[in-house]
Amino acid sequence: MSATTLPASLATTPSPAKWLRFDPDRTVHLSVGKVEIGQGIMTALAQIAAEELDVPLDTIRLLAGDTDLAPDEGSTTSSLSIEVGGASLRLVGAEVRARMIARLAQRLNCAPADITVADGAFLRAGVPTGQDYWSVAPEVDLVRPADGATAPKPIAEYRLVGRSAPRRDLPAKISGAAFIQDLVRPDLLHARMLRQPFRGARLAALDEAAIRRAAGGELRILRHGNFVALLSANETVAHRAAAAAPTHAQWENVRRLTPAQQEAAWLVGQPSDDREIGDPGPAAAGTVVEARYSRPYIAHASIGPSCALAENRDGHLSVWSHTQGVYPLRAALARVLDRRPETISVHHAQGAGCYGHNGADDAALDAAVVATLVPDRCIRVQWRREEEFGFEPLGSAMAISLRAVLDPAGKPIDWTAEIWSGSHVQRPAMGGNLLGHEALPVPAPDPRPTDPSEAAGGGGTRNAIPHYAIAARRVLHHLVPGAPVRTSALRGLGAVANVFALESFMDELAARAGVDPVTYRLSLLDGRPRAAGVIARAATMAGWVRRGPGGDGHGWGIGFAQYKNRSAYAAVVAEVEVEREVRLRRVWCAADAGLVVNPDGMRNQLEGGILQAASFTLKEQITFGETGVSSLDWETYPILRFSEVPEEIACDLIDAPEERALGVGECTLGPTAAAIGNAVAHALGVRIRDMPFTRERIAAVLLG
Amino acid sequence: MRIDFTVNGTAAQVAVDPTTPLLDVLRNELDLKGARYGCGLEQCGACMVLVDNEPVFACGREVGTIAGRHVATVESLAGHPLHQAFLDEQAGQCGYCLAGILISAKALLDRTPSPTRAEVVAALDKHLCRCGTQYRIIRAVERAAALLAHGEVR
Ligand code: FES
Ligand code: FES
């Protein structure tokens with residue numbers, strides 16, 4: 001491997017010393033830039049490192065996400081942590097092992113090939129040398145950059161990677177303190193925010209006396225432009241103040257929303273940045289079929305609202321955050337606060353699952369701004385539930401029109417997806433703002449919504465191009481910069497709605513052709529064996545042959561995608577019963593993610609993706625009131641409950657050890673949404689093309 | 001105001017406004033971080049604790065009302081078969097919801113040592129899990145019941 005093809009993380013930080021060191025207590029201290037967001041990545045990375053070094057798994061200690069101490073691996077996004085972070089660690093481990101062996105071979109005057117490693121100890125021709133990593137390490141230069149030239153261990157020799165390893169972080173999480181919300185530091189001052197309703201709004205009046213009465217204790221009200229924080233040493237006091245504050249604040253220049261804007265259909269026809277990707281037109285001649293699909297705005301809706309700590313002491317700002325990327329956050333904070341990045345440290349601390357870009361980074365800025373104004377205290381910002389729903393960036397609504405030209409056999413020969421969507425990534429480094437910045441005396445400029453490039457997997461266009469063998473495939477993408485709410489990355493980005501649409505449409509086309517949906521798909525997957533493999537496996541697992549004619553309230557449906565058209569393959573079969581509402585009975589999934597690092601961890605991720613997608617598909621829609629989001633709690637934004645979980649979920653991993661290891665956090669979402677959509681259509685004999693499949697929507701369909 | 005109660009078998013005494021949520025008292029006065037803030041609205045279950053063996057939302061319960069009562073938090077479950085069962089099933093993703101769920105599961109198993117699946121689901125239905133770990137959690141509770149039945153209480 002040449003230096004130019006190093007995985008991104010290793011290219012940025014080529015010195016092995018920055019990744020690992022051997023500590024005197026016979027542990028290996030690993031520093032990584034990818035962070036735990038509930039996906040189990042720490043466990044998988046420990047397995048990879050232990051494997052390459054041949055040390056016991058329990059000798060690995062991990063430090064993740066720290067601008068002082070860990071490599072810069074950007075953000076933990078797009079299911080890339082295994083693919084990029086894991087690949088880097090593998091090369092680092094191989095390099096360190098080789099340098100250690102070379103040094104020892106020199107000392108023992110033997111060939112490096114004579115030396116092997118077992119449990120961290122070196123053997124020469126199978127005989128213990130009395131030396132191990134810890135004894136040799138002081139003589140080895142680990143600072144010199146790695147060039148990726150050392151061949152990693154052959155996969156056939158793996159003994160840790162490929163076996164299930166228990167999650168390292170789970171014991172703490174089931175017994176007590178484990179999260180950023182649980183951090184306690186000296187001089188703690190609790191902060192809650194009074195939020196500016198939307199950028200441009202001006203605080204005209206604030207009834208501070210009324211807020212103090214509601215607080216019922218010592219309270220400091222910090223106003224800085226339109227940025228307002230409520231501070232107290234007593235958390236209950238700060239919380240009560242914040243709960244009361246919105247009714248005692250008068251804002252001017254507040255943008256107004258209409259109910260129509262909460263629907264995806266509103267995006268169609270808005271001013272947009274347009275582009276065309278894929279095969280040029282004109283479309284081929286033949287029978288034309290068209291349909292329009294949609295999904296609404298969806299919340300990340302983390303179970304633990306965003307939290308951050310910050311302290312400004314002696315000119316240095318330390319921030320604790322559950323951000324997905326400590327270095328990008330530090331850069332953004334430096335810009336907003338007009339400080340040099342070196343004067344800021346960002347330390348990752350685990351939060352509840354975020355599933356993308358939620359309020360984590362915004363809370364970090366809130367804390368950093370307060371800490372800047374109130375130095376020498378540790379400022380702890382905790383967002384309220386209503387604040388999380390009201391102000392986190394949302395997954396964008398999308399409207400998708402699909403148009404296929406069919407050949408005489410009813411197979412598509414030309415495919416056009418026309419997409420209307422808000423941005424899918426508005427992180428600060430991509431044209432977005434940290435929320436509090438818009439309320440500061442010198443407010444942020446208006447955001448400049450963009451979308452990830454096609455090279456990065458696309459945003460609104462993600463998975464819009466079908467994986468199937470169709471002669472011409474194109475996408476017309478309308479990025480609507482004036483989406484009425486802030487939108488950014490939510491698990492799967494545009495892939496969830498695009499796969500829902502395209503796989504629903506595939507079923508509609510199969511039905512038109514009078515062909516079974518699985519057979520129809522397989523007939524379009526010539527030369528795509530991994531895709532065909534997962535579809536066939538999922539169908540077998542589900543006993544697809546039992547699928548009846550449908551229309552009797554009992555339905556089966558399938559959905560498939562290769563995530564980003566370049567990552568993991570997943571096929572999902574759903575079985576539903578539909579009476580007044582949709583009841584998801586069983587789900588089967590087959591996934592091919594190349595080399596599997598931690599099989600049980602991977603199944604856990606697949607199951608989580610399936611259930612979250614079921615929740616999106618069956619239940620979720622953000623609603624708007626006059627001045628902003630109006631679904632501000634779990635009653636107005638219901639998600640899947642225990643009583644709605646299917647009685648069986650089975651996930652099979654296709655064994656493909658010779659293929660690149662891929663992440664699976666996002667690959668099941670689109671296929672699950674589509675499988676449910678197709679199962680409901682099968683059950684009812686009528687197609688529903690708009691998410692979510694609520695009781696009201698089912699009723700509307702049943703009443704015709 | 002001074003309020004006396006028992007937490008995890010130990011006497012506790014706090015001097016706070018009696019309308020303070022029990023959740024804030026546990027977390028900030030007694031440094032027990034297992035019960036978590038999720039909504040403060042009695043809608044998610046992240047804050048669940050036992051008061052006299054009944055699961056209650058600590059976010060919505062004023063501490064003044066628990067004077068003289070027995071509170072149990074997830075910190076008291078060390079060694080309970082539920083712990084082993086959750087680890088055996090690897091029933092967790094981010095884990096934020098788990099402490100509250102373990103509490104409801106404990107209350108269920110105390111009352112109904114061999115619950116049916118429907119009983120497990122009913123006992124946990126007031127809890128939300130955004131990561132989609134419910135399927136594993138249900139299995140973990142069933143496994144804990146089986147461990148209990150086999151007398152494997154450590
Ligand atoms: S925090 Fe108490 S129910 Fe959500
Ligand atoms: S495991 Fe994350 S909310 Fe349940």
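Residues numbered from 1 in each chain as written. Chains lettered and ligands numbered in written order. Predicted model: local features only at pLDDT ≥ 70, side-chain atom pairs only at ≥ 80, totals over all residues. Heavy atoms only, no water.

Caption draft 1: Focus on the layout of surface pockets. All names here are of chain A. By volume, the second largest pocket is sized at about 770 Å³. Along the walls of the second largest pocket sit 36 residues, with Gln196, Pro197, Gly390, Phe391 and Thr627 positioned nearest its centre. For the lining of the second largest pocket, the elements supplying multiple residues, two or more each, are β7 (188-194), β11 (249-252) and α10 (385-391). Of all the elements, α10 adds the most residues to the lining of the second largest pocket, at four residues. Looking at the lining of the second largest pocket residue by residue, the classes come out as 19 nonpolar, eight polar and nine charged. (1 Å grid on protein atoms, 1.4 Å probe; cavity = no way out; pocket = protein on both sides within 12 Å on 5 of 7 lines; lining within 4 Å. Points joined across faces, edges and corners; volume = space filled by probe spheres on them. Helix = DSSP H or I, 4+ residues; strand = E, 2+ residues; numbered from the N terminus. Nonpolar A, V, L, I, M, F, W, Y, C, P; charged D, E, K, R; others polar.)

Caption draft 2: Inspection of the sheet that holds strand β2 (residues 10-15) of chain B at higher detail. Residue and element names in this part refer to chain B. Pairing in this open sheet of five strands is mixed, and the strands run β2-β1-β5-β3-β4 from one edge to the other. Strands with a single pairing partner mark the edges of an open sheet, and in this sheet they are β2 and β4 (54-57). Along the sheet, successive strands turn relative to each other by an average axial angle of 40°, direction set aside. The pairing of strand β1 (residues 2-7) with strand β5 (residues 70-72) spans two bridges and is parallel. What sits directly across from Thr6, in β5, is His70. Relative to strand β3 (residues 48-51), helix α1 (residues 22-29) is tilted by about 100°, and along the sheet it contacts β1, β2, β3 and β5. Across the sheet, helix α3 (residues 98-111) touches β3, β4 and β5, and the angle it forms with β3 is around 35°. (Pairing = 2+ DSSP bridges. Axes fitted to C-alpha atoms, helices over the stretch in contact; angles between N-to-C directions. Contact = heavy atoms within 4.5 Å.)

Caption draft 3: Focus on the pattern of salt bridges. Under the counting rule described, the total for this entry stands at 59 salt bridges over all chains. With a shortest N-O distance of 3.6 Å, Arg240(A) and Asp17(B) are connected by a salt bridge. With Arg240(A) in helix α7 (residues 235-244) and Asp17(B) in the loop between β2 and α1, this residue pair bridges two chains. On the basis of relative accessibility, which here comes to 26%, the residue Arg240(A) falls in the partly exposed class. Since its relative accessible area comes to 34%, Asp17(B) is described here as partly exposed. Between Asp52(B) and Arg69(B) there is a salt bridge; the shortest N-O distance is 3.3 Å. Within this pair, whereas Asp52(B) is found in the loop between β3 and β4, its partner Arg69(B) is found in the loop between β4 and β5, the two being separated by 17 residues in sequence. With relative accessibility at 33%, the residue Asp52(B) sits in the partly exposed group. What emerges from the salt-bridge pattern is a single network uniting Glu575(A), Glu577(A), Arg585(A), Arg586(A), Glu647(A) and Glu648(A). (Salt bridge = Lys/Arg side-chain N within 4 Å of Asp/Glu carboxyl O. Buried < 20%, exposed > 50% of the residue type's maximum accessible area, 1.4 Å probe, protein only.)

Caption draft 4: Here's a closer look at helix α14 (residues 599-619) of chain A. When the terminal C-alpha atoms of α14(A) are compared, their 30 Å separation across 21 residues agrees well with the 30 Å that a helix rising 1.5 Å per residue should span. Across the 21 residues of α14(A), 20 count as buried, placing the element largely inside the fold. (Expected span 1.5 Å × (residues − 1).)

Caption draft 5: Region of the structure containing the nonpolar core. With 154 residues, the main nonpolar core has Trp415(A), Val680(A) and Phe86(B) as its most contacted residues. The element contributing the most residues to this core is helix α11 (residues 495-513) of chain A, with 10 residues. Among residues more than four places away in sequence, those in contact with Val680(A) are Val576(A), Val578(A), Val582(A), Gly685(A), Val686(A), Ile688(A), Phe693(A) and Ile698(A). In this structure, Trp19(A), Phe122(A), Cys354(A) and Ala661(A) belong to the second largest nonpolar core, which totals 48 residues. (Core = buried A, V, L, I, M, F, W, Y, C linked by side-chain atoms within 4.5 Å.)

Caption draft 6: Looking closely at the interface of chain B and chain A. Between chain B and chain A, the residue contacts involve 49 residues of the former and 63 residues of the latter. Approximately 4500 Å² of surface area, both sides summed, lies buried where chain B meets chain A, with 54% of it carried by carbon and sulfur atoms. Applying the counting criterion to the chain B and chain A interface returns five salt bridges. At the boundary of chain B with chain A, the tally comes to 29 residue pairs in polar contact (both at pLDDT 80 or more). Counting only elements with at least two residues in the side of chain B that touches chain A, the list comes to α1, α2 (81-88), α3, α4 (117-124) and α5 (134-149) of chain B. If you tally residues by element for the side of chain B that touches chain A, the top one is α5(B), at five residues. Taken together, the residues that form the side of chain B that touches chain A break down as 22 nonpolar, 15 polar and 12 charged. (Buried area = accessible area lost by both parts, 1.4 Å probe. Polar contact = N/O pair within 3.5 Å; in protein donor to acceptor, adjacent residues only side chain to side chain.)

Caption draft 7: Summary view of the domain arrangement of chain B. Residue and element names in this part refer to chain B. When cut into domains, chain B gives domain 1 (2-76) and domain 2 (79-149). Each of domain 1 and domain 2 has a C-alpha centre, and these two points are 21 Å apart. If you look at the interface, domain 1 gives 16 residues, while domain 2 gives 12 residues. When the two sides are added together, the surface that domain 1 and domain 2 hide from each other amounts to roughly 1200 Å², 65% of it contributed by carbon and sulfur. Looking at the side of domain 1 facing domain 2, the largest losses of area belong to Arg36, Met48 and Val74, adding up to 39% of the total buried there. (Domains from an automatic or database assignment.)

Caption draft 8: Structural view of unusual backbone geometry. A cis amide bond links Gly281(A) with the next residue in sequence, Pro282(A), at an omega value of -5°. Along the chain, the position of Pro282(A) falls in the loop between β12 (273-278) and β13 (287-295). The residue Asp31(B) is not glycine, and still its phi comes out positive at about 55°. Position of Asp31(B) relative to the elements: it lies in the loop between α1 and β3. One non-glycine residue with positive phi stands out, namely Asn53(B), at about 70°. Structurally, the position occupied by Asn53(B) is in the loop between β3 and β4.

Caption draft 9: Spotlight on the state of the cysteines. All names here are of chain A. If you walk through the whole model with that rule in mind, you get zero disulfides over all chains. No disulfide involves Cys651; its nearest neighbouring cysteine sulfur is the one of Cys589, lying 4.5 Å away. For Cys651, a relative accessible area of 7% puts it in the buried group. (Disulfide = S-S within 2.5 Å.)

Caption draft 10: Region of interest: the pairing of strand β21 (residues 554-562) of chain A. Residues and elements named next belong to chain A. For β21, the tally of buried residues reaches eight of nine residues, placing the bulk of the element in the interior. Summarising the sheet, β21 and strand β22 (residues 569-578) pair through nine bridges and their orientation is antiparallel. Paired with Gly557 across the strands is Ala574, a residue of β22. Counting the residues between successive antiparallel strands, the hairpin from β21 to β22 contains six residues, one of them, Lys564, with a positive phi of roughly 60°.

Caption draft 11: Main features of the sheet that holds strand β5 (residues 121-124) of chain A. Residues and elements named next belong to chain A. Overall, antiparallel pairing links the three strands, which are arranged β4-β5-β6 in an open sheet. Lying at the two open borders of the sheet, with one neighbouring strand each, are β4 (115-118) and β6 (127-132). Strand after strand, the sheet turns through a mean of 35° between neighbouring axes, direction not considered. With four bridges connecting them, β4 and β5 associate as antiparallel partners. Each residue of the ladder has a partner; that of Ile115, found in β5, is Arg124.

Caption draft 12: Local environment of the domain arrangement of chain A. Residue and element names in this part refer to chain A. Here the domain parsing of chain A yields domain 1 (8-168), domain 2 (180-254 + 302-386) and domain 3 (398-702). Summarising the inter-unit geometry, the C-alpha centres of domain 2 and domain 3 are found 35 Å apart. At the junction of the two partners, domain 2 supplies 27 residues and domain 3 supplies 25 residues. Between domain 2 and domain 3 lies a buried interface of about 2300 Å² when both sides are counted; carbon and sulfur atoms form 62% of it. The largest share of the area that domain 2 buries against domain 3 comes from Arg199, Tyr355 and His357, three residues that together contribute 29% of it. Our count for the domain 2 to domain 3 interface comes out at two salt bridges. Between Arg486 and Asp362 there is a salt bridge, with the nearest N and O atoms lying 2.6 Å from each other. At the junction of domain 2 with domain 3, the criterion picks out 10 residue pairs in polar contact (both at pLDDT 80 or more). Residue assignment for the side of domain 2 that touches domain 3 shows that the elements contributing at least two residues are α8 (326-337), α9 (360-373) and α10. Looking at which element gives the most residues to the side of domain 2 that touches domain 3, the answer is α9, with five residues.

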